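Structural overview
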Amino acid sequence: MIQEVGPGHVYDNRFSSLEPADADYVLHFTSDGCLARVTHVGRADADAGDAGEEVELPRLGDYTRRPGRTTYLFSLGEDRFFLALDDRVAAPAGFSYESVSWLRRAEPQHLLFAAATGSQLDRWYRGNRFCGRCGAPTELAPASREIVCPECAHIVYPKICPGIICAVTSCDGNDEKIVLTRYAGRTTALWALVAGFTEIGEPLEDTVRREVMEEVGLTVKNLRFYKSQPWSFTDTLLVGFWCEVDGDPTIAVDRTELKEARWFSRADIPLERTGDRASLTGEMIERFRLMGRAAWE
Ligand SMILES: [Zn+2]
């Protein structure tokens, strides 16, 4: 998954007020995306963003005019990442703004994780430059990842929206099936699992039951936590569950949200997710395809 960047790049997000050195990465984002240099190393006919693109992120030494205001974000092994808080920077030679989701399938994976995680932090810093309670300009807290208002003492914590991914299964002897869904309104939507955001006042288990009922009209039982995954593209922390249909397996599709939803036997699960290295959804679908109920037992 996107956060699995290998033992050489262990994620360390302990807060620190470091200053960047020339070899440190200094990320910058605009509405056009992340400042990056992309080199095409694959087949000439490969799709944009397909494996075969190699991405570099800017280091402080790459900037001819250094960003005025930076803050330390995190380290991946020996690599330290900072964020330029300026609205504009002079892009280093060869670098341009690339959509972070477009970069999702490029290499190396630790820089993609850095770009995605940095983009979520950047949205949070930029979206809270003024206090939402009193309107005064805010400040960065000196000793923790918080934004504070000097006028009314309001504290803004990083924005992380919890959401669930849920594999609804039915296992009767050798007949092992899973519900896959496709979102409406997206021309290239892949088959996915039931998913949705947690509402205020709601435990994750109830989010699973509510989303499954809303999207496909099924009652579920035997919920089992699988794994969680930071998904910075949507400011989300995703929590993956397995569960089993309880009673009537007839699907009633929510057409406002989904284009289609249906049961797939293991042998019929589309292979379109087999190469998906990044997402928890892809990992769970592939795990069920290969293992059936042993995926969680
Ligand atoms: Zn305030």
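Residues numbered from 1 in each chain as written. Predicted model: local features only at pLDDT ≥ 70, side-chain atom pairs only at ≥ 80, totals over all residues. Heavy atoms only, no water.

What to know about the sheet that holds strand S9 (residues 139-140)
To keep things clear, this is the line we draw: Between any two strands, pairing holds if DSSP finds at least two bridges. Secondary structure elements follow DSSP: runs of H or I of four or more residues count as helices, runs of E of two or more count as strands, with numbering from the N terminus.
The strand order across the open sheet formed by 3 strands is S9-S10-S11, and the pairing between neighbours is antiparallel. Among the strands making up the open sheet, the edge pair consists of S9 and strand S11 (155-156). Taken together, the 2 bridges between S9 and strand S10 (residues 147-148) define a ladder with antiparallel strand orientation. Pairing of leucine 140 across the sheet is with isoleucine 147, part of S10.

As for the coordination of the zinc ion
Quick reminder of the rule: Metal coordination here is assigned from N, O and S atoms located within 2.8 Å of the ion, or within 3.2 Å for Na, K and Ca; omission of water means that sites may look incomplete. When four donors show all angles between 85 and 135 degrees the site is tetrahedral, when four or six donors have opposite pairs over 155 degrees and all other angles between 65 and 115 it is square planar or octahedral respectively, and in every other case it is irregular.
Distances from the zinc ion to its protein donors, Cys131 (SG), Cys134 (SG), Cys149 (SG) and Cys152 (SG), fall within 2.3 to 2.4 Å. What the 4 donor atoms of the zinc ion show is an angle range of 102 to 117° at the metal, which sorts the shape as tetrahedral. Along the chain, the residues donating to the zinc ion fall in the pattern C-x2-C-x14-C-x2-C. On the criterion of sequence distance, the pair formed by cysteine 131 in the loop between helix H1 (109-126) and S9 and cysteine 152 in the loop between S10 and S11 is long-range, its members being 21 residues apart.

Side note on the nonpolar core
Rules: We define a nonpolar core as any set of buried Ala, Val, Leu, Ile, Met, Phe, Trp, Tyr and Cys residues linked to one another through side-chain atoms lying within 4.5 Å. When accessible area is computed with a 1.4 Å probe and restricted to protein chains, residues below 20% of their type maximum are described as buried, those above 50% as exposed, and intermediate ones as partly exposed. Note: domain ranges come from an automatic or database domain assignment.
Grouped together as the largest cluster of nonpolar side chains are 68 residues, with contacts concentrated most on Leu57, Phe81, Val168 and Val212. Top element by residues in this core is H1. It accounts for 9 residues. Structurally, this core is a two-domain feature, drawing no fewer than three residues from each of domain 1 (7-126) and domain 3 (161-295). Residues Val26, Tyr72, Ala84 and Phe95 belong to the second largest nonpolar core, which totals 9 residues.

Brief notes about the confidence of the model for the chain
Note the cut-off: pLDDT measures the predictor's confidence residue by residue and takes values from 0 up to 100. Whether two residues touch is decided by their heavy atoms; if any such pair falls within 4.5 Å, the residues are in contact.
Confidence in the prediction of the chain, expressed as mean pLDDT, is 92, and 96% of residues score 70 or more. Counted against residues more than four places away or in other chains, residues 45-49, with its pLDDT under 50, gives 6 contacts.

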